[in-house]
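For reference, the chains in residue letters:
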Amino acid sequence: MGRRTRRRWVFKPPNNAYFTGTHPQMENCIVLTLAEFEAMRLKHYSKLTQERAADSMGISQPTFSRILEISHQKITQALIEGKEIRVHGGNIDYKLSFIGYGCWNCDHIWEDRSASRGKKVKCVKCDSENVYYFEREII
Ligand SMILES: [Zn+2]
């Protein structure tokens, strides 16, 4: 039995399960875990410091650093060997972002998973139409 890995927090799954148009053959693809994907996203896309990125994933900085290093090696290998990159699996939980509305009139904030910027809504508390769309990433 291997050592149990600590659970890592991931904000959301990648938009594309595969970064290729075709279904990859396992021998011709590099599998990036969601934790590795998330480490790359936080560090190189969201430009967080390593400290904040590690915090966000609920892991120590050395662990974050190791995950990032592995993901760099995998991406490099995929580029050099012309392999497909697949993002899959790992011991992770998703963090949900908040999506909903806020009311300028009474300051009430409520969640609505189907909320969108263009939609006309009224405040569920005071019935005011002076409402704004509100979205927050938990990082
Ligand atoms: Zn209101």
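Residues numbered from 1 in each chain as written. Predicted model: local features only at pLDDT ≥ 70, side-chain atom pairs only at ≥ 80, totals over all residues.

Draft legend 1. Structural detail: the overall build of the protein. Across its full length, the protein holds three helices and seven strands. Ordered by position from N to C terminus, the α and β elements of the protein give β-β-α-α-α-β-β-β-β-β. (Helix = DSSP H or I, 4+ residues; strand = E, 2+ residues; numbered from the N terminus.)

Draft legend 2. Main features of helix 2 (residues 50-57). Among the residues making up helix 2, those that are buried are Ala53, Ala54, Ser56 and Met57. Summarising the axial view, the buried residues of helix 2 lie within an arc of 160°, below the 170-degree limit, and thus occupy one face. Within two residues after helix 2, Gly58 carries a phi angle of roughly 70°, on the positive side. (Buried ≥ 20, exposed ≤ 12 C-beta atoms within 10 Å, placed from the backbone. Arc of directions from axis to C-beta.)

Draft legend 3. Expanded view of the pairing of strand 5 (residues 98-103). As paired strands, strand 5 and strand 6 (residues 109-111) are joined by three bridges and run antiparallel to one another. Looking at strand 6, one finds that Gly102 is bridged to Ile109. (Pairing = 2+ DSSP bridges.)

Draft legend 4. Region of the structure containing the nonpolar core. Phe37, Ala39, Ala53, Ala54, Met57, Phe64 and Ile67 are the most contacted members of the largest nonpolar core, which totals 16 residues. Only strand 2 (29-32), helix 1 (34-45), helix 2 and helix 3 (61-81) provide two or more residues apiece to this core. It is helix 1 that provides the largest number of residues to this core, a total of six residues. Excluding its chain neighbours within four sequence positions, the residues that come into contact with Ile67 are Ala35, Glu36 and Ala39. (Core = buried A, V, L, I, M, F, W, Y, C linked by C-beta atoms within 7 Å. Contact = placed C-beta atoms within 7 Å.)

Draft legend 5. Summary view of the packing of helix 2 against helix 3. Where helix 2 contacts helix 3, the two axes come as close as 9 Å, and the packing angle between them is 95°. It follows from the interaxial angle that helix 2 and helix 3 lie roughly perpendicular. In contact with Gln50, Glu51, Ala53, Ala54 and Met57 of helix 2, helix 3 contributes Gln61, Phe64 and Ser65. Class assignment of the residues belonging to the contact of helix 2 with helix 3 gives a composition of four nonpolar, three polar and one charged. (Axes fitted to C-alpha atoms, helices over the stretch in contact; angles between N-to-C directions. Parallel < 35°, antiparallel > 145°, perpendicular 65-115°, else oblique. Nonpolar A, V, L, I, M, F, W, Y, C, P; charged D, E, K, R; others polar.)

Draft legend 6. Structural detail: unusual backbone geometry. Of note, Lys47 is a non-glycine position whose phi angle comes to about 60°, a positive value. You can see Lys47 is positioned in the loop between helix 1 and helix 2. In this model, Asp127 sits at a positive phi of 70°, which is unusual for a non-glycine residue. The topology assignment puts Asp127 in the loop between strand 6 and strand 7 (131-136).

Draft legend 7. Seen up close, the environment of Ile75. Relative to the helices and strands, Ile75 is located in helix 3. Among the residues examined, Ile75 registers 16 C-beta atoms within 10 Å and is labelled partly exposed. Separated by 43 residues in sequence, Ile75 and Leu32 have C-alpha atoms that sit 8.3 Å apart.

Draft legend 8. Summary view of the pairing of strand 2. Side-chain alternation along strand 2 places Ile30 and Leu32 on a buried face and Cys29 and Val31 on a face that remains uncovered. Bridge count between strand 2 and strand 3 (residues 84-87): four bridges; the pairing is parallel. Among the inter-strand pairings, Val31 is bridged to a residue of strand 3, identified as Arg86.

Draft legend 9. Region of interest: the environment of Ser60. Structurally, Ser60 can be placed in the loop between helix 2 and helix 3. Placed ten residues apart in sequence, Ser60 and Gln50 show a C-alpha to C-alpha distance of 9.7 Å.

Draft legend 10. Expanded view of helix 3. Helix length check: helix 3 (21 residues) gives 30 Å between terminal C-alpha atoms against 30 Å at 1.5 Å per residue, within 8%. Taken together, the buried positions of helix 3 are occupied by Phe64, Ile67, Leu68 and Ser71. Buried residues of helix 3, seen end-on, are gathered within an arc of 100° and therefore sit on one face of the element. Helix 3 presents Pro62, Glu69, Gln73, Thr76, Gln77, Ile80 and Glu81 as exposed residues on the side facing more than 90 degrees away from its buried surface. Considering only its buried residues, helix 3 is in contact with strand 2, helix 1 and helix 2. (Expected span 1.5 Å × (residues − 1).)

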